Amino acid sequence: MKKVLIDIYHLPQFNLFKNTILTFDPPEVDIYCVNRGKLLPVIKHELPEYNIVCIGDYKHNKGMFSMIFKIIIPRVYKLFKEINTNNYRFVITANYQANFVAKLRGI
């Protein structure tokens, strides 16, 4: 049963959380990220045995409005659905989106 969701939005956040992620067994944790620069390929290369879920793609970012309506709002909605479905006990992130959803869910 998965108990921990780790949300990574930037490559430096992955460097910050990598040792924490490695302390968990792969079935205990889900790693959520956004397809931004080299973030997704680096995570897949460094943690091939972990479940990695990509929500949001910065190829759709053409400015402030497209970032809000094509990346941020859909990502918050999908995170809300995933957190609601999987009953995580902990959310670890350095990003406001997963923190906001965790607060709404009482985690």
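Residues numbered from 1 in each chain as written. Predicted model: local features only at pLDDT ≥ 70, side-chain atom pairs only at ≥ 80, totals over all residues. Heavy atoms only, no water.

Colleague: Whenever I open this one, the environment of Leu40 confuses me. Can you help?
Modeller: You can see Leu40 is positioned in helix 2 (residues 39-46). If we skip the residues at most four places from it in the chain, Leu40 touches Cys33, Asn35, Ile52 and Cys54. (Helix = DSSP H or I, 4+ residues; strand = E, 2+ residues; numbered from the N terminus. Contact = heavy atoms within 4.5 Å.)

Colleague: Any chance you could explain helix 1 (residues 11-23) here in plain terms?
Modeller: One full turn of an α-helix is made of 3.6 residues, so residues set three or four places apart face in the same direction. Relative to the 18 Å expected for 13 residues at 1.5 Å per residue, helix 1 spans 19 Å between its end C-alpha atoms, a close match to the ideal helical length. Where the residues of helix 1 are buried, they touch strand 1 (4-8), strand 2 (29-35), helix 2 and strand 4 (90-93). (Expected span 1.5 Å × (residues − 1).)

Colleague: For this particular structure, what's the right way to read the pattern of salt bridges?
Modeller: Two side chains that carry opposite charge are able to pair once their charged atoms sit near each other. Using the criterion set out here, one finds 2 salt bridges in the structure. When the shortest N-O distance is used, the salt bridge between Arg75 and Asp7 registers 2.6 Å. Residue Arg75 is found in helix 3 (residues 64-86), and its partner Asp7 is found in strand 1; the two are separated by 68 residues along the sequence. Each member of the pair, Arg75 as well as Asp7, carries the same accessibility label: buried. For Lys18, the salt bridge is made with Glu46, and the minimal N-O distance between the two is 2.5 Å. Linking Lys18 in helix 1 with Glu46 in helix 2, this pair joins segments that are 28 residues apart in sequence. Take Lys18: its relative accessible area is 24%, and that puts it in the partly exposed class. Taking the relative accessible area as the measure of exposure, Glu46 reaches 33% and is therefore partly exposed. (Salt bridge = Lys/Arg side-chain N within 4 Å of Asp/Glu carboxyl O. Buried < 20%, exposed > 50% of the residue type's maximum accessible area, 1.4 Å probe, protein only.)

Colleague: Would you take a moment to explain the pairing of strand 1 for this structure?
Modeller: Two faces make up the sheet, and in a regular strand the side chains alternate between them. Of all the 5 residues making up strand 1, 5 are buried; the element is thus mostly covered by neighbouring parts of the structure. Alternating positions in strand 1 separate into two faces, Val4, Ile6 and Ile8 on one and Leu5 and Asp7 on the other, with burial throughout. With 5 bridges connecting them, strand 1 and strand 2 associate as parallel partners. Looking at the pairing, Val4 lines up with Val29 of strand 2. In this view, the connection linking strand 1 to its parallel neighbour strand 2 by way of helix 1 has right-handed handedness. When strand 1 meets strand 4, the two strands line up parallel, connected through 4 bridges. The partner of Val4 across the bridge, within strand 4, is Phe90. (Pairing = 2+ DSSP bridges. Right-handed = clockwise from strand over helix to strand, strands pointing away.)

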